[in-house]
Amino acid sequence: MYARSTTINAMLMSIDAGVAQVRDDVMPTLLEMEGCIGLSMMADRESGRCITTTAWRSEQAMRATDEELRPVRERLARTLGGSPQVQEWEIAVLHRDHRSVAGACIRATWVKVDPAKLERAIDVYRLASLPRLEDLAGFCSASLLVDRASGSAVSSVTYDSREAMDANGEAAASMRAATSKDAGAQVLDTGEFELVIAHLRVPELT
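Small disclaimer: the values here were computed from a predicted structure and weren't measured. (Residues numbered from 1 in each chain as written. Predicted model: local features only at pLDDT ≥ 70, side-chain atom pairs only at ≥ 80, totals over all residues. Heavy atoms only, no water.)

Quick look at the state of the cysteines now. Scanning all chains against the criterion turns up 0 disulfides. Of all cysteine sulfurs, the one in Cys140 lies closest to Cys105, which takes part in no disulfide; the gap is 11 Å. Owing to a relative accessible area of 1%, Cys140 belongs among the buried residues under this scheme. (Disulfide = S-S within 2.5 Å. Buried < 20%, exposed > 50% of the residue type's maximum accessible area, 1.4 Å probe, protein only.)

Right, let's get into the packing of helix H4 (residues 118-134) against helix H6 (residues 169-183). Packing of H4 against H6 leaves a shortest axis separation of 9 Å and a crossing angle of 155°. The orientation of H4 relative to H6 falls into the category roughly antiparallel. In this structure, the crossing between H4 and H6 has a hand that is right-handed. Contacts from Arg120, Ala121, Val124, Ser129, Arg132 and Leu133 in H4 reach Met175, Ala178, Thr179, Asp182 and Ala183 in H6. Here the contact of H4 with H6 is built from residues that sort into 6 nonpolar, 2 polar and 3 charged. (Axes fitted to C-alpha atoms, helices over the stretch in contact; angles between N-to-C directions. Helix = DSSP H or I, 4+ residues; strand = E, 2+ residues; numbered from the N terminus. Parallel < 35°, antiparallel > 145°, perpendicular 65-115°, else oblique. Left-handed = near helix turned anticlockwise from the far one by under 90°. Contact = heavy atoms within 4.5 Å. Nonpolar A, V, L, I, M, F, W, Y, C, P; charged D, E, K, R; others polar.)

This part takes up a negative patch on the surface. Together, Asp97, Glu134, Asp135 and Glu204 give the surface a local cluster of negative charge. Structurally, the position occupied by Asp135 is in the loop between H4 and strand S6 (139-147). (Patch = residues over 30% accessible without salt bridge, like charges linked within 9 Å, V, L, I, M, F, W, Y side chains within 5 Å. Areas by Shrake-Rupley, 256 points an atom, 1.4 Å probe, with all protein chains shown as cover. Salt bridge = Lys/Arg side-chain N within 4 Å of Asp/Glu carboxyl O. Lys, Arg positive; Asp, Glu negative; His and termini not counted. Charge placed at Lys NZ, Arg CZ, Asp CG, Glu CD.)

Put into structure tokens, the structure is as follows:
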């Protein structure tokens, strides 16, 4: 399974219009494309950072749509008032305790690993991080997307509510520090987002 993420630093006043465009225009177009298995969008209403992620059954299916989706991304960027930054990933891990509900939030962590050690880092996430994440109150799901060539990766952990995510902040930070050390990963960035569109249909990958 593969994913393409498009990050746009939006004008705050344009976020709701961008969400509506993704929901009403972008998503119906995507779901008709061969190999597409869903879309999600998360937004940080304080910084303006919006990330739309599409999931694909194969790398070939994802790459085949790139040119067709370029004008779609450009229209969304104009609505949001920012420039799109596109990244392509392999979905290495996805575990869902239950489907997300209205008000769900995501804490995302971007890391960098020596590509030669990436497989071990994936194992650390799968075998050490996931069981601890599942114990956190309000845990909904977790995923790990990786770029094997560069060693880049991003973990996204979804909680049922902002309150649940906030309550687990200290535990998550401690876990992040321990996991990154065990995996030999450098933490590059973290962000907290509202899950504004949840329509990914990726099966369990653990």
